[in-house]
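Each chain is listed here by its residues.
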Amino acid sequence: MEWAWRNRDQVLELFWQHTWLSVVPLVIGFAVAVPIGWYASRHPRLRGTLLGAGSVLYTIPSLALFVTLPGIIGTGFLDPLNVVVALSIYAVAIMVRTAADAFASVSPAVLDSATATGYSSRQRGFGVELPLAGPVLLAGIRVVSVSTVSLVSVGALIGVSSLGSLFTNGYRRDFLTEIVVGLVGIVVLALVLDALLVLAGRLLMPWSRASSRPRGPLWRRLVGRPSAVGGVA
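1. Some points on the overall build of the chain
Then, in step 1: A count of helical and extended segments in the chain gives 10 helices and 0 strands.
Then, in step 2: From first element to last, N terminus to C terminus, the chain shows the α and β order α-α-α-α-α-α-α-α-α-α.
Then, in step 3: The proportion of buried residues among the 233 residues of the chain is 41%.
Then, in step 4: When contacts within the chain are restricted to residue pairs at least 6 apart in sequence, those whose partners lie at least 24 apart make up 73%.
Then, in step 5: Carbon and sulfur atoms form 66% of the exposed surface of the chain, whose accessible area is close to 12,700 Å².

Here it is, written out as structure tokens:
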């Protein structure tokens, strides 16, 4: 498109602005949701409360949250931090349930075998539970990634610059081309982030696609044979 090429500097600036507004909440949401999900999976009595709280948070309309956050956290009305905080809340709300399901899917026999092998609680969490829950966590963060990239554009309604600004500007000027460029940019960003997450998953979790290897870390060996706790070597 000729308009997009003539205004490429503006489009690229909005693209990078949209990117960091998407990536930061994604990282924060994952870092917060995984420990909460792990805790929920190990404490069934609190699981319903924690997951219910996440569901309630996700029902809050994004525009209303963007508008009310400045009065809660003391930021300016046009501060991009409002968008980051709001989208981090949504990311946590979605990821908590995924994380809880991911950790709950780890076989108790595997955990017992790791404990019997001498793993401490922390070692078992990072060396056994997290790798086994990894593929499900990856699927969850991919969903959150697409949702976050989409919601960032709503911030343009309160004046936070992103690719969504092309929507509002194009609407005010009745200029369809600008709206289409913003739409294409958001789709491209969502696809790029998803591809990067898939690539990261393949690099960090090679066991998820190479289950036939006879050797590997402790958790891999534990899954590959019956548990010694059950009396079978």
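2. As for the environment of Val146
Then, in step 1: Position of Val146 among the secondary structure elements: in helix 7 (residues 121-152).
Then, in step 2: A relative accessible area of 43% means that Val146 is categorised as partly exposed.
Then, in step 3: As a C-alpha pair, Val146 and Ile186 span 40 residues in sequence and 9.5 Å in three-dimensional space.

3. Considerations on the layout of surface pockets
Then, in step 1: Here the largest pocket defines a volume of roughly 310 Å³.
Then, in step 2: Contributing to the lining of the largest pocket are 13 residues, with Phe30, Gly134, Leu138, Leu204 and Met205 lying nearest its centre.
Then, in step 3: Put simply, the parts of the chain that give the lining of the largest pocket at least two residues each are helix 7 and helix 9 (176-204).
Then, in step 4: Per element, the largest residue contribution to the lining of the largest pocket is 6 residues, and it comes from helix 7.
Then, in step 5: Looking at side-chain class alone, the lining of the largest pocket contains 11 nonpolar, 2 polar and no charged residues.
Then, in step 6: Taken as a whole, the second largest pocket holds about 200 Å³ of empty space.
Then, in step 7: Around the second largest pocket, the lining residues are Val34, Pro35, Trp38, Phe103, Ser121, Arg122, Gly125, Phe126 and Leu130.
Then, in step 8: Elements represented by at least two residues in the lining of the second largest pocket include exactly helix 2 (8-42) and helix 7.
Then, in step 9: Residue composition of the lining of the second largest pocket, by class: 6 nonpolar, 2 polar and 1 charged.

About the criteria used
Residues numbered from 1 in each chain as written. Predicted model: local features only at pLDDT ≥ 70, side-chain atom pairs only at ≥ 80, totals over all residues. Heavy atoms only, no water. Helix = DSSP H or I, 4+ residues; strand = E, 2+ residues; numbered from the N terminus. Buried < 20%, exposed > 50% of the residue type's maximum accessible area, 1.4 Å probe, protein only. Contact = heavy atoms within 4.5 Å. Areas by Shrake-Rupley, 256 points an atom, 1.4 Å probe, with all protein chains shown as cover. 1 Å grid on protein atoms, 1.4 Å probe; cavity = no way out; pocket = protein on both sides within 12 Å on 5 of 7 lines; lining within 4 Å. Points joined across faces, edges and corners; volume = space filled by probe spheres on them. Nonpolar A, V, L, I, M, F, W, Y, C, P; charged D, E, K, R; others polar.

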